[in-house]
Amino acid sequence: MIDIVTALIRNGQGHVLLVRKRGTQSFMQPGGKPEPGESDEAALMREVSKELGCILVPGSARALGVFEAPAANEPGQWVRARAYAARIEGSIACRAEIAEYAWVDPREPCGRILAPLTRDTVLPLALSLERQAL
């Protein structure tokens, strides 16, 4: 089991920020593995800054739950993700291992290949949060 923290980041239109790592096909939400002793929020702040060059708004991370799914890029492995809704500020740019980012409508991901966690949990969760906000 691979333990990660992940951020559900939405824009004003309700689209979800997804990233694709170099050498992979699947889009997923930003995040990664926490360092030993690192809090989830600190790990998210570090990963978002490292991967996308923007800033996770301090105090904006709100726990959504813990979810498990097959790992997208490590065959035979599973991820256990502690997911957080969060906000970012600043310009987004692909950095570190990120090859591409996209704002994706959770209703219509437009034929992109999605990580199992993203497809089966995160995008439905984004739709649920959108309905709660109405």
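Structural data are supplied above this passage.
Presented here is an overview of the structure given in this document. (Residues numbered from 1 in each chain as written. Predicted model: local features only at pLDDT ≥ 70, side-chain atom pairs only at ≥ 80, totals over all residues. Heavy atoms only, no water.)

Remarks on the overall build of the protein
Cut-off, in case you're wondering: To qualify as a helix, a DSSP run of H or I must reach at least 4 residues; to qualify as a strand, a run of E must reach at least 2; elements of each kind are numbered from the N terminus. Note on method: radius of gyration uses C-alpha positions; expected globular size equals 2.2 Å times residues raised to 0.38. Should any heavy atoms of two residues lie within 4.5 Å, those residues are considered in contact.
Counting its secondary structure elements, the protein contains two helices and nine strands. Secondary structure of the protein in N-to-C order comes out as β-β-β-β-α-β-β-β-β-β-α. Whereas a compact globule of 134 residues would reach a radius of gyration of roughly 14 Å, the protein reaches 14 Å, a difference of no more than 12%. If one aligns the C-alpha atoms of the protein with their principal axes, the spans along those axes are about 40 × 30 × 25 Å. Taking all contacts inside the protein whose residues are at least 6 apart in sequence as the whole, residues at least 24 apart take part in 66%.

As for the sheet that holds strand β2 (residues 16-21)
Note the threshold: Only strands that DSSP links by at least two bridges are regarded as paired with each other.
Spatial ordering of the open sheet is given by β3-β2-β9, a layout of three strands whose pairing is antiparallel. With partners counted over all chains shown, the strands left at the sheet margins are β3 (27-28) and β9 (98-104), one partner each. Where β2 lies against β3, two bridges are found, and the strand directions are antiparallel. Of the residues in β3, the one forming a bridge with R20 is F27.

So, the side chain of T6
Examined against the element boundaries, T6 turns out to sit in strand β1 (residues 2-9). With residues up to four places along the chain from it excluded, the contact list for T6 reads Q29, P30, G31, L44, A81, R82, A83 and Y84.

A few points about the packing of aromatic side chains
We apply this condition: Two aromatic rings from Phe, Tyr or Trp, using only the six-membered ring of Trp, form a pair when their centres are within 6.5 Å; if the ring planes differ by under 30 degrees the pair is stacked, by over 60 it is edge-to-face, and anything between is tilted. Any Lys NZ or Arg CZ found within 6 Å of a ring centre and within 35 degrees of that ring's normal is scored as a charge over the ring.
Overall, the coordinates contain zero aromatic pairs when judged by the stated rule. Sitting over the ring of F27, R112 keeps its end group 5.6 Å from the ring centre.

Some words on the nonpolar core
Under the convention used in this document: What is meant by a nonpolar core is a set of buried Ala, Val, Leu, Ile, Met, Phe, Trp, Tyr and Cys residues, joined one to another through side-chain atoms within 4.5 Å. Throughout, exposure labels follow a simple rule: accessible area from a 1.4 Å probe, protein chains only, divided by the maximum for the residue type, with under 20% read as buried, over 50% as exposed, and the rest as partly exposed.
One finds L8, V16, L18 and L64 to be the most contacted residues of the largest nonpolar core, which totals 22 residues. Taken together, the elements giving at least two residues each to this core come down to β1, β2, β6 (62-70), β7 (78-86), β9 and α2 (116-133). Those residues in contact with L18 that sit more than four places away from it in its chain are F27, M28, Q29, E100, Y101, A102, V104, L114 and T118. If you look at the next biggest cluster of nonpolar residues, it comprises 17 residues, including L17, L44, L56 and I92.

Describing the state of the cysteines
The line we're drawing: Put simply, a disulfide is two cysteine sulfurs that come within 2.5 Å.
Inspection of every chain in the model, using the stated rule, returns zero disulfides. Unpaired in terms of disulfides, C94 finds its nearest cysteine sulfur in C54, a separation of 11 Å.

A word on the pattern of salt bridges
The condition that has to hold: Between Lys or Arg on one side and Asp or Glu on the other, a salt bridge is scored when a side-chain nitrogen of the former is within 4 Å of a carboxyl oxygen of the latter.
This structure, assessed with the given rule, holds 10 salt bridges. Note that D120 is salt-bridged to R119, the shortest N-O span being 2.8 Å. Judged by its relative accessible area of 47%, D120 is partly exposed. For R119, a relative accessible area of 43% translates into the label partly exposed. When salt bridges with common partners are traced through the structure, they connect E35, E38, R46, E47 and K50 into a single cluster.

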